[in-house]
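For reference, the chains in residue letters:
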Amino acid sequence: SQPNWVGDIGGGWPDVGLGAWYEYELFGRVQNYCLEESSLLKGYENGQWRGPVRRWLEGEKELLLPGLIQKRTGELTTAENALCWSFYDYLLAAHPGVVSKLTIDIKQKKPAREVLAQHLGMNLFETEEAWRKWVSENYPVKGDERKTPKKGKKKKRGPKGSRSPG
């Protein structure tokens with residue numbers, strides 16, 4: 001039997017997320033979309049998505065993941081491609097090693113909602129909240145450069161040779 005193409009069985013988000021993530025990493029923008037009739041569509045935000053995705057997630061009150069994780073690759077809009085990329089980006093950064101397990105389970109036609117809960121230890125609402133928080137901390141409001149993590153402040157030492165009371 002032929003293996004299932006994850007993008008055609010309701011796993012559009014990891015299919016699009018992976019493709020867009022690699023294109024973004026290599027070329028600094030996404031110009032290719034896995035969409036039906038994609039040649040007729042204009043790219044979303046010139047293929048540079050960090051700022052636009054952050055503003056969208058911070059301004060949108062409705063949950064996005066419940067609808068997003070059910071779609072096939074060809075059903076996703078250009079804007080939803082950006083969300084898939086961002087969710088994939090989040091998973092790689094915050095949950096290293098989980099993406100391959102998620103994709104294998106989805107290829108086995110397990111429901112994405114259950115697979116995410118099993119591997120992330122959070123329900124879908126908590127997952128979306130964690131993703132949105134991560135985006136706010138790591139993407140700029142404007143532009144496309146990833147924020148550099150803030151480093152903890154070093155403790156100030158007294159003058160050389162002084163000892164702290166103790």
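Just so you know, these numbers come straight off a predicted model, no measurement behind them. Along each chain, numbering runs from 1 in the same order as the chain's sequence is written. Side-chain atom pairs in this predicted model are given and counted only at pLDDT of 80 or more, local residue features only at pLDDT of at least 70, and totals for whole chains, interfaces and linings cover all residues. To get the side-chain values, take all heavy atoms of the structure and skip hydrogens and water.

Digging into the overall build of the chain
Phase 1: Along its length, the chain carries seven helices and zero strands.
Phase 2: Ordering the α and β elements of the chain from the N terminus gives α-α-α-α-α-α-α.
Phase 3: Per-residue burial over the chain gives 42% buried out of 166 residues.
Phase 4: Here the contacts in the chain between residues at least 6 apart in sequence split such that 70% fall between residues at least 24 apart.
Phase 5: For the accessible areas, the method is Shrake-Rupley and the probe is 1.4 Å, while residue cover comes only from the protein chains on display. Summing over all exposed atoms, the chain offers an accessible surface of approximately 10,600 Å²; the carbon and sulfur share of this is 51%. Numbering of helices and strands runs from the N terminus; a helix is a DSSP stretch of H or I covering at least four residues, while a strand is a stretch of E covering at least two. The classification of residues rests on relative accessible area computed with a 1.4 Å probe and restricted to protein chains. Under 20% of the type maximum is buried, over 50% is exposed, and intermediate values are partly exposed. What makes two residues a contact is simply this: any of their non-hydrogen atoms within 4.5 Å.

Section: the nonpolar core
A general feature of soluble globular proteins is that nonpolar side chains tend to end up buried together.
Phase 1: Within the largest apolar cluster, 30 residues are counted, with the highest numbers of intra-cluster contacts made by Val53 and Trp131.
Phase 2: A per-element tally of this core places helix α4 (residues 78–94) first, with eight residues.
Phase 3: Look past the residues within four positions of Val53 in its chain and what remains in contact with it is Ala82, Leu83, Ser86, Val135 and Tyr139. Within this scheme, the nonpolar core is defined by two criteria: the residues are buried Ala, Val, Leu, Ile, Met, Phe, Trp, Tyr or Cys, and they are joined through side-chain atoms within 4.5 Å.

Details of the pattern of salt bridges
Phase 1: We define a salt bridge as a side-chain nitrogen of Lys or Arg found within 4 Å of a carboxyl oxygen belonging to Asp or Glu. One pass over the structure, following the stated rule, counts six salt bridges.
Phase 2: Linking Glu80 and Lys71 is a salt bridge whose minimum nitrogen-to-oxygen distance equals 2.7 Å.
Phase 3: For Arg72, the salt bridge is made with Glu75, and the minimal N-O distance between the two is 3.2 Å.
Phase 4: Assessed through its relative accessible area of 33%, Arg72 is described here as partly exposed.
Phase 5: The class for Glu75 is partly exposed, based on a relative accessible area of 38%.

Brief notes about the side chain of His95
Phase 1: Looking at where His95 falls in the secondary structure, it is placed in the loop between α4 and α5 (98–107).
Phase 2: The contacts of His95, once residues within four sequence positions are left out, are Tyr90, Leu120 and Met122.

Section: unusual backbone geometry
Phase 1: In the Ramachandran plot, Lys109 falls in the positive-phi region, its phi being about 65 degrees despite a non-glycine side chain.
Phase 2: By the element assignment, Lys109 lies in the loop between α5 and α6 (112–120).
Phase 3: Judged by relative accessible area, Lys109 falls into the exposed class, the value being 57%.

Details of α4
Phase 1: Spanning 17 residues, α4 covers 24 Å between terminal C-alpha atoms, matching the ideal 24 Å at 1.5 Å per step.
Phase 2: Judged by how many residues are buried, α4 sits mostly within the fold: 14 of 17 residues are covered. Residue count minus one, scaled by 1.5 Å, sets the expected span of a helix.

Remarks on the packing of aromatic side chains
Phase 1: The rule is short: rings of Phe, Tyr and Trp, with Trp giving its six-membered ring, pair when the centres are within 6.5 Å, and they are stacked under 30 degrees, edge-to-face over 60, tilted in between. Taken as a whole and assessed by the stated rule, the structure comprises six aromatic pairs.
Phase 2: Following the ring pairs from residue to residue traces out a cluster consisting of Trp49, Trp85, Phe87, Tyr90, Trp131, Trp134 and Tyr139.

Section: the packing of α4 against helix α7 (residues 124–138)
Phase 1: Relative orientation of the contacting elements α4 and α7 amounts to 90 degrees, with a least axis distance of 10 Å. Relative to α7, the element α4 lies roughly perpendicular. Where α4 abuts α7, its residues Leu83, Ser86, Phe87, Asp89, Tyr90 and Ala93 lie against Thr127, Ala130, Trp131, Trp134 and Val135.
Phase 2: Residue composition of the contact of α4 with α7, by class: eight nonpolar, two polar and one charged. Each axis is a line fitted through C-alpha atoms, taken for helices only over the stretch in contact, and angles between the N-to-C directions span 0 to 180 degrees. Each angle is binned into one of four classes, with values under 35 degrees roughly parallel, values over 145 roughly antiparallel, values of 65 to 115 roughly perpendicular, and all other values oblique. Note on residue classes: Ala, Val, Leu, Ile, Met, Phe, Trp, Tyr, Cys and Pro are nonpolar, Asp, Glu, Lys and Arg are charged, and everything else, Gly too, is polar.

Here's the deal with the environment of Glu80
Phase 1: With respect to the helices and strands, the residue Glu80 is situated in helix α4.
Phase 2: Leave out the neighbours within four places in its chain, and Glu80 touches Leu68, Lys71 and Glu75.
Phase 3: Among the polar contacts made by the side chain of Glu80, one reaches the side chain of Lys71 at a distance of 2.7 Å. Here a polar contact is taken to be a pair of N or O atoms separated by no more than 3.5 Å, where protein atoms must pair a possible hydrogen donor with a possible acceptor and residues adjacent in sequence count only if both atoms sit in side chains.

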